[in-house]
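The chain contents come next:
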Amino acid sequence: MIQVLRRVPLYQLSRKFGWPPVLPLNLTVTPSPRCNSRCLTCNIWKKQADELSLEEWDKVFQGLGRAPYWVTISGGEPFLNRELVAFCRSLYEHCRPGIINIPTNGLLHTTIPDAVEAIARSCPASQIIINLSLDGVGDQHDRIRGVPGSFEKFEKSYRALKRLRCSNLTIGLHSVISTFNVDDVASLYDYAFSLKPDSYVTEIAEERLELGTVGLEITPSPEQYSKAVALLVGRMAPQRFRGISRVTRAFRMEYYRLVKATLARRTQVIPCYAGWASAQIYADGQVWPCCVRADNLGNLREVDYDFRRIWFSEEARRVRRSIKNRECHCPLANASYTNMLCHYPTLLKVGWQVLTAGLRRPGSTERKVVAALEATR
């Protein structure tokens, strides 16, 4: 983590002056948009792509080297990819990221646990985070996810994953707060925490080009979201997370406040570093600064899989100028992590929460977050 913090001034200089050239530390890769869920908040399952082969991804990772620290393997559903274990081995061999984060809907409950164990053992120096999607309890989860029996399969996957004994493995839950469940979050939170996950994170449903959700009314109002987060923070008060989950919890506490402010002000509340510190590579080789804008900076197949040629191109510089000029704003969780990391006031708040987590009175920080959320209404 110290190595990551040492890179923060470089990103700040690059964003302000256009120098030095820097590669992203937060990378999202999408091996495939294929998905076996039919979520009300996501239409990626309708998309097709001329997907990069494992050999092509190997060339991409080799070119990136040790730059990425946090890598999210997105989808679609990542575990539909029969080469996912080999994909992670390639990523680990060339990039050696500190964190590999893989979200899953949990439907493939008979194959996911074995694949996760193989990934964790193949990448011993990386922290493997598996986040299972949970958008409701019982029938509500099935209705939002669009597949009967989703909730039952989620439970089977979760129980099997929690039985794994890998020291570098974190099993968490992830909920998307949308117009379809925002009024029922109390029961959702109660159930989620009853499972005693290693971590629990939520994010707000967004309109994204990547997901095919632009124009859909899936985002709760600022007032609805504020109430939902206040309930979540109250339930987080007695929870005690350890290791990487303790750090992500501290970032999440600030993230919830940031989302509320972004929804209310409709502008970048802190500087966005998408295009500098964070990036996404889509299944067909397109390089994006983020999945919300999904600007095509170039295709890796057209540059012999040399990420640098695209990342330092004139088109990339043009898009960075647009982001720097605040021509966009969003509460994208993945990019927000690096935005907060590169914003010293927020970073100091997060660091203080991590350092004092075991010393402060239970719920003291959480009450401050609730008060801040209420104050921005």
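Reading guide: rules and limits
Residues numbered from 1 in each chain as written. Predicted model: local features only at pLDDT ≥ 70, side-chain atom pairs only at ≥ 80, totals over all residues. Heavy atoms only, no water. Patch = residues over 30% accessible without salt bridge, like charges linked within 9 Å, V, L, I, M, F, W, Y side chains within 5 Å. Areas by Shrake-Rupley, 256 points an atom, 1.4 Å probe, with all protein chains shown as cover. Salt bridge = Lys/Arg side-chain N within 4 Å of Asp/Glu carboxyl O. Helix = DSSP H or I, 4+ residues; strand = E, 2+ residues; numbered from the N terminus. Contact = heavy atoms within 4.5 Å. Disulfide = S-S within 2.5 Å. Buried < 20%, exposed > 50% of the residue type's maximum accessible area, 1.4 Å probe, protein only. Phe/Tyr/Trp six-rings, centres within 6.5 Å; stacked < 30°, edge-to-face > 60°. Arc of directions from axis to C-beta.

Enquirer: I would appreciate a short explanation of a nonpolar patch on the surface in the present structure.
Expert: A cluster of nonpolar side chains, namely Met1, Ile2 and Leu5, defines an oily patch on the protein surface of about 270 Å² accessible area. Structurally, Ile2 is set in helix α1 (residues 2–17).

Enquirer: Honestly, the environment of Asn339 in this entry has me stumped. Any pointers?
Expert: Inspection of the secondary structure assignment puts Asn339 in helix α12 (residues 333–341). Asn339 sits 66 residues away from Tyr273 along the chain, and the two C-alpha atoms are 5.5 Å apart. Setting aside its immediate chain neighbours within four residues, Asn339 contacts Ile270, Pro271, Cys272, Tyr273 and Ala274.

Enquirer: Can you walk me through the state of the cysteines in this structure?
Expert: Where two cysteines share a covalent bond between their sulfur atoms, that bond is called a disulfide. Scanning all chains against the criterion turns up 0 disulfides. With no disulfide partner, Cys35 has as its closest neighbouring cysteine sulfur the one in Cys39, 6.0 Å distant. Looking at Cys35, the relative accessible area reads 18%, which means it is buried. Of all cysteine sulfurs in the structure, the one in Cys123 sits closest to Cys88, which takes part in no disulfide; the separation is 5.6 Å.

Enquirer: Hey, could you run me through the packing of aromatic side chains in this one?
Expert: Inspection of the entire model under this criterion finds 14 aromatic pairs. Ring centres 6.2 Å apart and planes at 70 degrees place the aromatic pair Tyr189 and Tyr200 in the edge-to-face group. Remark: Tyr200 occurs in strand β6 (residues 199–204) and Tyr189 occurs in helix α7 (residues 185–194); sequence separation between them is 11 residues. For Tyr189, a relative accessible area of 1% puts it in the buried group. Tyr200 gets classed as buried once you look at its relative accessible area, which sits at 2%. The interplanar angle of 70 degrees and the centroid separation of 6.3 Å between the aromatic rings of Tyr273 and Trp276 together place this pair among those described as edge-to-face. Take Tyr273: its relative accessible area is 5%, and that puts it in the buried class. By relative accessible area, Trp276 is classed as buried at 4%.

Enquirer: Which parts of the structure should I look at to understand helix α4 (residues 112–122)?
Expert: One turn of an α-helix holds 3.6 residues; hence residues three or four places apart share an orientation. Taken together, the buried positions of α4 are Ile112, Pro113, Ala115, Val116, Ile119 and Ala120. Down the axis, α4 shows its buried residues gathered within 160 degrees of arc, on one side only. Structural note: α4 exposes Asp114 and Arg121 on the side pointing more than 90 degrees away from its buried face. In this fold, the buried residues of α4 make contact with α3 (84–95), β3 (99–104), β4 (127–133), α6 (150–162) and β5 (169–177).

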